[in-house]
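If you want the building blocks of each chain, they are given just below.
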Amino acid sequence: MLFFKRKMNKHYKKIAIYSSFVCMLYPFTNIYAFESIHPFSMNLFLLVFFLFVSELWIQQKIKLYWVVLVFSVLLVQRSSLFFISLFFLWETKALWRIYLRKNILILLLSLILPLLWMSRNYYWDQVFSMTSTSGKILWKGGLVQSDGSNYIEGDSNYTLFFTEEMKKNVRFLSVKQQNNLFKNEAIKNLYEHPKKSLIHYFVKLKGFFFFRKNIGQEYPNYLTYLFLYKVFYIIILFSSVFFVARNPKYLGIVIPFLFLGLFHSVFYVETRHRIIYEPIFIMLSIAVFVEGKYFTKKIITL
């Protein structure tokens, strides 16, 4: 509501109310949150809460440290959401001279908690990273035989392509050694198959922004509703594109999603990486509906 109000949208209250109602009943996020062992609800909450405090800060209603605190916790929960910082960077670009130092301060201070977590991983696993299995994530996402996810075909997953060295030794290696083994295999595959790897990157991009071949393997409870979900997603996606194309001033809330897709496609993609951002698309789609409704009324009146 604050975002649309700042953009001088006179329908901001209705957009906020309708969007909240649809998001509360949105089955794909709700069922996934209940049935999967994953901090998805926390990720989604922190994402929305960060946008909320960012908006308050842009409007100079709260202190900078609130943005730093929420953003830092968000990065610990899901580091790939670092790109959400592009929201306040974009929204303050017109006054960049005033906000430059403040934005740099936010970005630097927000790294405190992630750096502490990375230090923890180094202490226990000797891997200075947000996750001690980054090498494995890079390797399995780079398998050109897959669609960039955990699964290859049917019930087969990435373990089908373990090398002989992996099969024999991986269970006896330390976390650091495992991470290095997978990372080296990923780099080796990239050097040996550069053209296929490039094509595969675009396959993963397609899987992130649209749909993957093996989506039903990771979300079996949704098979009955998969077609309905695809239709719904296409509607909210293209409605959002239409709305932003007509109203470029809303571009700042979409740009982070584009960079999120580009980043995830370097590693591997699952639909849950995207659905965390779908409430934003729902909001923009509701804006299309609300504004279209009033536009139609105006034409009829004329």
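Residues numbered from 1 in each chain as written. Predicted model: local features only at pLDDT ≥ 70, side-chain atom pairs only at ≥ 80, totals over all residues. Heavy atoms only, no water.

Observations regarding the overall build of the protein chain
Move 1: Of the regular secondary structure elements, the protein chain holds 17 helices and two strands.
Move 2: A burial count over the protein chain gives 45% of its 302 residues as buried.
Move 3: If you sum the accessible surface of the protein chain, you get close to 17000 Å²; carbon and sulfur atoms cover 68% of it. (Helix = DSSP H or I, 4+ residues; strand = E, 2+ residues; numbered from the N terminus. Buried < 20%, exposed > 50% of the residue type's maximum accessible area, 1.4 Å probe, protein only. Areas by Shrake-Rupley, 256 points an atom, 1.4 Å probe, with all protein chains shown as cover.)

Notes on the side chain of serine 54
Move 1: Tracing the backbone shows serine 54 in helix α4 (residues 40-58).
Move 2: Judged by its relative accessible area of 1%, serine 54 falls in the buried class.
Move 3: Looking at serine 54, its side chain comes within polar contact range of the main-chain oxygen of phenylalanine 50, at 2.8 Å.
Move 4: Discounting chain neighbours no more than four positions away, the residues touching serine 54 are Val67, Phe87 and Phe88. (Polar contact = N/O pair within 3.5 Å; in protein donor to acceptor, adjacent residues only side chain to side chain. Contact = heavy atoms within 4.5 Å.)

Digging into a nonpolar patch on the surface
Move 1: A surface patch of nonpolar side chains, amounting to about 950 Å² of accessible area, comprises Tyr65, Trp66, Leu69, Val73, Val76, Leu105, Leu109, Ile112, Leu113, Leu116 and Trp117.
Move 2: Every element with two or more residues in the nonpolar patch is listed here: α5 (64-77), α7 (96-109) and α8 (112-125).
Move 3: In terms of residue count, the dominant contributor to the nonpolar patch is α5 (five residues).
Move 4: Position of tyrosine 65 relative to the elements: it lies in helix α5. (Patch = residues over 30% accessible without salt bridge, like charges linked within 9 Å, V, L, I, M, F, W, Y side chains within 5 Å. Salt bridge = Lys/Arg side-chain N within 4 Å of Asp/Glu carboxyl O.)

A word on the packing of aromatic side chains
The relation between two aromatic rings is expressed through the spacing of the ring centres and the mutual angle of the planes.
Move 1: Applying the stated criterion across every chain, the model contains 27 aromatic pairs.
Move 2: With 5.3 Å between their ring centres and 45 degrees between their planes, tryptophan 139 and phenylalanine 182 make a pair best called tilted. In this pair, tryptophan 139 is assigned in helix α9 (residues 134-141) and phenylalanine 182 in helix α11 (residues 175-192), connecting sequence segments 43 residues apart.
Move 3: Given the relative accessible area of 2%, phenylalanine 182 is considered buried.
Move 4: Through pairs of rings, three or more aromatic residues link up here, namely Phe50, Trp57, Phe71, Phe82, Phe83, Phe88, Tyr99, Phe259, Phe263 and Phe267.
Move 5: The lysine or arginine in question, lysine 230, covers the ring of phenylalanine 211, its NZ or CZ lying 5.4 Å from the ring centre. (Phe/Tyr/Trp six-rings, centres within 6.5 Å; stacked < 30°, edge-to-face > 60°. Lys NZ or Arg CZ within 6 Å of the ring centre and 35° of its normal.)

Quick word on the pattern of salt bridges
Side chains that differ in sign of charge can pair as their charged atoms come close.
Move 1: Scanning the entire structure with this criterion turns up two salt bridges.
Move 2: The residue glutamate 278 makes a salt bridge to arginine 274 at a minimum N-O spacing of 3.1 Å. Arginine 274 carries the same exposure label as glutamate 278, and that label is buried.

Considering unusual backbone geometry
Move 1: With a phi angle near 60 degrees, glutamine 60 is a residue other than glycine that sits in the positive phi range.
Move 2: Note on placement: glutamine 60 falls in the loop between α4 and α5.
Move 3: Phi at glutamine 126 is positive, roughly 60 degrees, even though this residue is not glycine.
Move 4: One can find glutamine 126 in the loop between α8 and α9.

Examining the environment of aspartate 147
Move 1: Mapped onto the fold, aspartate 147 is located in the loop between α9 and β1 (151-153).
Move 2: With 59 residues separating them along the chain, aspartate 147 and lysine 206 place their C-alpha atoms 9.4 Å apart.

With respect to the environment of valine 203
Move 1: For valine 203, the position within the fold is in helix α12 (residues 194-209).
Move 2: Taking the C-alpha atoms as reference points, valine 203 and glycine 148, separated by 55 residues in sequence, lie 7.3 Å from one another.

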